[in-house]
Amino acid sequence: MRQLLPVVATACLLALCAPAMAADASPPTISIEGRGEVVAAPDTAQVTAGVTTEGKTAREALDANTKAMTDLVAVLKDAGIDSKDIQTSGFSVNPQYYYPEHNSDGSQPPPRITGYTVQNGVDVKVRKLDSLGTLLDQMVSAGGNTINSVSFSVEDTSKLLEEARKAAFADAAAKARTYADAAGVGLGPVQSIAEATGETPPPRPVMFKALANAAPSAPVPVQGGQLTFDVEVSVVWLLKTGSE
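Residues numbered from 1 in each chain as written. Predicted model: local features only at pLDDT ≥ 70, side-chain atom pairs only at ≥ 80, totals over all residues. Heavy atoms only, no water.

Throughout the structure, instances matching the rule amount to two aromatic pairs. Relative to Y99, the ring of Y97 lies with its centre 6.2 Å away and its plane at 40°, an arrangement referred to as tilted. Residues F169 and W237 carry aromatic rings whose centres are separated by 6.1 Å and whose planes lie at 45° to one another, so their mutual orientation is tilted. In this pair, F169 is assigned in helix 4 (residues 158–183) and W237 in strand 7 (residues 227–240), connecting sequence segments 68 residues apart. (Phe/Tyr/Trp six-rings, centres within 6.5 Å; stacked < 30°, edge-to-face > 60°. Helix = DSSP H or I, 4+ residues; strand = E, 2+ residues; numbered from the N terminus.)

What follows is the structure, encoded as structure tokens:
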């Protein structure tokens, strides 16, 4: 009888622990990622433009730059661009150096300043895209000899992102139903929804240079194209097994 006691005690402990282990078991779930995408035409453009001037002295280069920038801003305002949509994006005054050849003894003479370059730039938000080509042409004619980029965007993206979120959830739900059907189980209630926090890369800007002495011509051909807005979401569902 003494030899049977440990066996009986062990069996009793297992019987007591079994219900507790079953109670702690997590219910089966499925986690699926979905992606929603919405395409829309842009309604605004961001233009980075400016004036670069040169002179024998810093004063000469600055005076020429100031005049050209004043004419450029006047053209923007005459075209209906609000002051709040015109912002200075950079200003610099830099000397131009001449580096003479080495002396006969191999020494290097010091560089000499031969002139100065002044650069002044502005970021301009254009809200009427149908006038963008004409505006670019006018900016060049007014003295804007550097147009670094033109990028397009949508001013209010809230409704577009709302549609993308709905599409992302529908995509995740369709995938979840496919997996559940293949596994022979059903989808239960949603347990969690998490949206990806990464930012969508901005549209690739249209890059080009403008010439200061460009003659008046037809409006610059500009194509806004379309922009894509996407949302990624991760959704977790409970699974319904045949025993439920």
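Next comes the rest of the write-up.
Attention now goes to helix 3 (residues 132–141). Counting buried positions over the 10 residues of helix 3 gives seven, a clear majority of the element. Within the span of helix 3, buried status applies to L132, G133, L135, L136, D137, M139 and V140. (Buried < 20%, exposed > 50% of the residue type's maximum accessible area, 1.4 Å probe, protein only.)

Turning to the pairing of strand 7, a few remarks are in order. Pairing of strand 1 (residues 29–40) with strand 7 involves 12 bridges; the strand directions are antiparallel. What sits directly across from R35, in strand 7, is E232. For strand 6 (residues 186–195) and strand 7, the ladder comprises seven bridges, and the chain directions are antiparallel. From the neighbouring strand, V190 faces strand 7, where its bridge partner is W237. (Pairing = 2+ DSSP bridges.)

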